[in-house]
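# Commentary on secondary and tertiary structure
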Amino acid sequence: MTVPLIELRDIYKTREGRDILKRISLRVSRGEVLALIGPTGAGKTTLLRIINLLDRPDGGELLFNGTDTASSDKFRLESRRRMAFVLQKPVVFNSSVYDNIACGLKWRGIDRHQITTRVNDMLEMVGMTDYCKRNARTLSGGEMQRIAVARAVATNPELLLLDEPTANLDPVSAIKIEETLTGIIRQNAVTVIMATHDMAQGQRLAERIGVLADGELVQTGTPGEIFTRPGNRDIAEFVGMENLLEGVIASCEGEMALIDVNGTMIEAVTDCNVGEEVSVGIRPENVTIALSRLSSSARNCLPGTITWAVSSGPLCRVEIDCGFPLVALVTKRSAEEMGLEKGIKVYATFKAVSLHVIRRR
Amino acid sequence: MGELWDGFLKALELIYTFDPEVMQIAGRSLSIGLTSIVIGSVICIPLAGLIHFNQFWGKRFLVSLIQTFYSIPTVVVGLFVFVMLSNVGPLGGLGLLFSPAAIVVGQVLLITPILLGLVISAFRGVDQTILDTARSMGASGWQVAVLVIKEARFGVMAAVIMGFGRAISEVGISLMVGGNIRGVTRVITTAISLESSKGDIELALALGMILIFISLVVNIIMNRIQQK
Ligand SMILES: Nc1ncnc2c1ncn2[C@@H]1O[C@H](COP(=O)(O)OP(=O)(O)OP(=O)(O)O)[C@@H](O)[C@H]1O
Ligand SMILES: [Mg+2]
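These lines cover the structure that appears in this document, whether it is placed above or below.

## Considerations on the site of ligand 1
Residue and element names in this part refer to chain A. Every one of the 15 residues lining ligand 1 counts as a neighbour, but Thr40, Lys44, Thr45, Thr46 and Gln88 are closest to it. Within the contact set of ligand 1, an oxygen atom lies 2.6 Å away from a side-chain nitrogen or oxygen of Thr45. Here Thr46 contributes a side-chain N or O atom positioned 2.5 Å from an oxygen atom of ligand 1. Across the complex, the protein chains shield 68% of the 640 Å² of accessible surface that ligand 1 would expose by itself. Those elements that place two or more of their residues in the shell around ligand 1 are strand E2 (18-28) and helix H1 (44-51). In terms of residue count, the dominant contributor to the shell around ligand 1 is H1 (three residues). Taken together, the residues of the shell around ligand 1 sort by class into three nonpolar, seven polar and five charged.

## A word on a nonpolar patch on the surface
All names here are of chain B. Taken together, the side chains of Leu79, Phe82, Val83, Phe98, Ile181 and Val184 define a hydrophobic patch exposed on the protein surface, amounting to about 470 Å² of accessible area. With respect to the element layout, Phe98 can be found in the loop between helix H4 (74-85) and helix H5 (100-124). Looking at Phe98, the relative accessible area reads 38%, which means it is partly exposed.

## Looking at the interface of chain B and chain A
The partner chain A presents 22 residues to the 16 residues of chain B that form the contact. Of the roughly 1700 Å² buried between chain B and chain A on both sides combined, carbon and sulfur atoms contribute 56%. It is Arg135, Ser136 and Met137 of chain B in chain B that bury the most area against chain A; as a group they hold 37% of the surface buried on that side. At the surface where chain B touches chain A, the tally comes to two salt bridges. In this structure, Glu151 of chain B engages Arg137 of chain A in a salt bridge whose closest nitrogen and oxygen atoms are separated by 2.9 Å. Summed over the shared surface of chain B and chain A, the number is nine residue pairs in polar contact (both at pLDDT 80 or more). If you list the elements that add at least two residues to the side of chain B that touches chain A, you get helix H6 (128-136), helix H7 (141-151) and helix H8 (153-169) of chain B. Per-element tally for the side of chain B that touches chain A: the top contributor is H6 of chain B, with seven residues. Its residues assigned to classes, the side of chain B that touches chain A shows six nonpolar, six polar and four charged.

## Here we look at the nonpolar core
Within the largest apolar cluster, 52 residues are counted, with the highest numbers of intra-cluster contacts made by Trp107 of chain A together with Phe123, Val156 and Ile188 of chain B. Sorting elements by how many residues they give to this core places helix H11 (residues 201-227) of chain B first, with nine residues. If we skip the residues at most four places from it in the chain, Ile188 of chain B touches Ile25, Ala26, Ser29, Leu207, Ile210, Leu211 and Ile214 of chain B. In this structure, Ile147, Leu160, Ala174 and Val190 of chain A belong to the second largest nonpolar core, which totals 51 residues.

## Quick notes on the environment of Glu267 of chain A
All names here are of chain A. By secondary structure assignment, the location of Glu267 is in strand E13 (residues 264-269). Counting along the chain gives 50 residues from Glu267 to Leu217, while the straight-line C-alpha distance between them is 31 Å. Aside from chain neighbours lying at most four places away, what touches Glu267 is Met256, Ala257, Leu258, Arg299, Asn300, Ala352 and Leu355.

Reading the values: the criteria
- Residues numbered from 1 in each chain as written.
- Chains lettered and ligands numbered in written order.
- Predicted model: local features only at pLDDT ≥ 70, side-chain atom pairs only at ≥ 80, totals over all residues.
- Heavy atoms only, no water.
- Near = heavy atom within 4 Å.
- Polar contact = N/O pair within 3.5 Å; in protein donor to acceptor, adjacent residues only side chain to side chain.
- Areas by Shrake-Rupley, 256 points an atom, 1.4 Å probe, with all protein chains shown as cover.
- Helix = DSSP H or I, 4+ residues; strand = E, 2+ residues; numbered from the N terminus.
- Nonpolar A, V, L, I, M, F, W, Y, C, P; charged D, E, K, R; others polar.
- Patch = residues over 30% accessible without salt bridge, like charges linked within 9 Å, V, L, I, M, F, W, Y side chains within 5 Å.
- Salt bridge = Lys/Arg side-chain N within 4 Å of Asp/Glu carboxyl O.
- Buried < 20%, exposed > 50% of the residue type's maximum accessible area, 1.4 Å probe, protein only.
- Contact = heavy atoms within 4.5 Å.
- Buried area = accessible area lost by both parts, 1.4 Å probe.
- Core = buried A, V, L, I, M, F, W, Y, C linked by side-chain atoms within 4.5 Å.

Now the structure itself:
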């Protein structure tokens, strides 16, 4: 088995008597792109700072390329020089854009000609060649972010750490940065750990996602796994499972179960047993709406009344009361065709296999 | 009144004819002041870094103490240096008393608190995130320190210029440990106080104007730096 580039063993951090990171263990192999997602205050930044060896954990071990990083300050500096970190709120040094991008290379003692070539490549990559001589302090937020990315990538890091690389940006700048990052990831085969609270961004860029909640790494898996089979209610909410119903398994027949949700029976696929308390997650886009009872293969077809309908972009978001509130997403066009609006009686249909059943603790 | 006007005209004449005596005194003032500020900076900028970047017991008290000494009277420093360098003092053997070197020693002591204090505040103005960024970009301890000085350069420059201003305009130290010896330790300020008391108002006025001119140049340089 190959040695992981980064290995965390029971990493622990407290601050002002509060546990910020609780025994985090994680391995990241070379070439992997991992996204850490989690709500604000989950500990993403804290974890990235520890991985970048800026802060020391209060417990646990951090191995870089198989060697314990607590060993010596010299090794920590050497290891840090093989990584790069784009901070959540990037800052630039009070010098020219060129010097900002060149600094990491200078500190590594690279010769001037090589630096010039590399910096010019980076400027081109982020589309800021014309800004070369400008004082970086005079740049806009989005431009600074681009410089921060260029500065980090310039050193050709083996491990690139990104903390919310697009969080403070307008949509256009965010897309530009994301495109740049995608390019870097594809071309350089660099290992990336990025923090984001944008689930969609995690899905777009990463091949593995770690969910961090309240200082704990609660689930890791492929974006698909996290998205369709979130490990608990909080993750489900976080990844956009808008409909989360509380229920009890009423009966089972093999994998097929009947779940009692507030007196309404729902069929779902699960390995839970009768009597277990569960949450049922239904993605709004998996709910279809019809004006009459459909005779389809879908096992669940519930009558209800629309309580709210609002369009956003090409989609229309419809809230239905079927004994419990249920949110559905339909295209704007079909919403108009059916004349969906408040007070209309409809049937909400969803497949048993599209439901996600989570055991409640 | 007419006498004063005459004195003023003669003073101007002394300046634009580059009177050797006036030029010599002004030059000595400048070179002693510059020597003091260079030595002071070489000592104080790294020392300020040491104080700022290390956590130790009594740090806050030390900084307050430094600030207290900003306005220490020059004659107190002069007296201290005089005692140290006099024949009976611990450094009397060096034979420095009444030499330009003695003035430099005194001026360095005088400006050390201002330099230290202002450079520490300049370093404080450099955000923690700048340090984090530098470290994450692979800067070693030394490289971070150099970067901080660069980031704080305007504040550091202002401190150096303030220090120079205080050194060149002080009179107490130059008089007490320099002795105002003609051709050796006579500087602008001591000459002004001596000549005006002797009634040679022209020379005093000429030197006074030169001192103001030096301050003006220093201020212009400082403004230039801050506009950048
Ligand atoms: N220097 C500090 N002193 C005390 N508490 C801190 C410190 N830094 C972070 N914390 C706390 O640690 C917790 C985790 O912070 P962290 O910045 O890692 O969260 P995050 O997941 O990055 O959040 P966000 O998405 O908002 O950036 C927060 O509750 C925060 O208040
Ligand atoms: Mg954060």
